[in-house]
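So the chains spell out like this:
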Amino acid sequence: MKRGQIIFIVIILVFIAAVFTNPNQSQHRDAIKQKLNEYIQKNVRNEGALSLMIGTAFLERVIDTIVSSDNYLVFSLTKATWQGESSVVGIGIFGNVFTFGKINELAKAGR
């Protein structure tokens, strides 16, 4: 086989792997929940378990409502829609969701 054919086959295999491992909407929501749970745990630490439970339950409902994903076959985008405005807050590829922007800033924020 020629070098060009091998490179072409590798590219096709990577493309196929990306298609089959593209995260679904549930995985995008779970990634956002994880980041926001980090924020809640850092900031509700002193308020007690009841506050943490209420915050987490509220968070679940809000995220299920405002977070969605757009599938582009080999990758997908995590979108958050708030007050009619939608923004991309993450990207999913090869079975992983990587968040960025305000979501990561919020997760790192602490008291």
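Residues numbered from 1 in each chain as written. Predicted model: local features only at pLDDT ≥ 70, side-chain atom pairs only at ≥ 80, totals over all residues. Heavy atoms only, no water.

### Here we look at the sheet that holds strand E2 (residues 76-82)
What the 4 strands build is an open sheet, ordered E1-E2-E3-E4; its pairing is antiparallel. Each of the sheet's edge strands pairs with one partner strand only, and the pair in question is strand E1 (67-71) and strand E4 (96-99). Here the average twist between neighbouring strands, direction ignored, is 35°. Taken together, the 4 bridges between strand E3 (residues 85-93) and E4 define a ladder with antiparallel strand orientation. By the bridge assignment, Ile93 is partnered in E4 with Asn96. (Pairing = 2+ DSSP bridges. Helix = DSSP H or I, 4+ residues; strand = E, 2+ residues; numbered from the N terminus. Axes fitted to C-alpha atoms, helices over the stretch in contact; angles between N-to-C directions.)

### Re the pairing of E3
Of the strand pairs in this sheet, E2 and E3 are connected by 7 bridges, and their pairing is antiparallel. By the bridge assignment, Ser76 is partnered in E3 with Gly92. Between the end of E2 and the start of E3, which pair antiparallel, lie 2 residues, with Gln83 showing a positive phi angle near 50°. Here E3 folds back onto E4 in antiparallel fashion, the turn holding 2 residues, of which Phe94 has a positive phi close to 50°.

### Considering the pattern of salt bridges
Applying the stated criterion to the full structure yields 3 salt bridges. We note a salt bridge from Glu60 to Lys33, for which the minimum N-O separation is 3.1 Å. Here Glu60, found in helix H3 (residues 49-66), pairs with Lys33, found in helix H2 (residues 25-43); they are 27 residues apart in sequence, far enough to count as distant. The exposure class assigned to Glu60 is partly exposed, which follows from its relative accessible area of 33%. Salt-bridge contacts for Lys79 lead to Asp70; the nearest nitrogen and oxygen are separated by 2.9 Å. Here the salt bridges do not stand alone but share partners, grouping Lys33, Glu60 and Asp64 into one network. (Salt bridge = Lys/Arg side-chain N within 4 Å of Asp/Glu carboxyl O. Buried < 20%, exposed > 50% of the residue type's maximum accessible area, 1.4 Å probe, protein only.)

### So, the confidence of the model for the protein chain
As a note on interpretation, predicted positions should not be read in detail where pLDDT is low. Here the protein chain shows a mean pLDDT of 84. Residues at 70 or above account for 84%. Across the protein chain, helix H1 (residues 3-20) holds the top mean pLDDT of 95, while helix H4 (residues 102-108) sits lowest at 68. (pLDDT = per-residue confidence, 0-100.)

### Brief notes about the nonpolar core
Ranked by size, the top nonpolar core spans 9 residues in total: Ile32, Leu36, Ile40, Leu59, Ile63, Val67, Ala80, Val89 and Ile103. Mapped onto this core, the elements with two or more residues apiece are H2 and H3. Residue contributions to this core peak at 3 residues, all from H2. (Core = buried A, V, L, I, M, F, W, Y, C linked by side-chain atoms within 4.5 Å.)

### Some points on the packing of aromatic side chains
Overall, the coordinates contain 1 aromatic pair when judged by the stated rule. When the ring of Tyr72 is compared with that of Phe75, the centres are 5.3 Å apart and the planes differ by 20°; the resulting orientation is stacked. (Phe/Tyr/Trp six-rings, centres within 6.5 Å; stacked < 30°, edge-to-face > 60°.)

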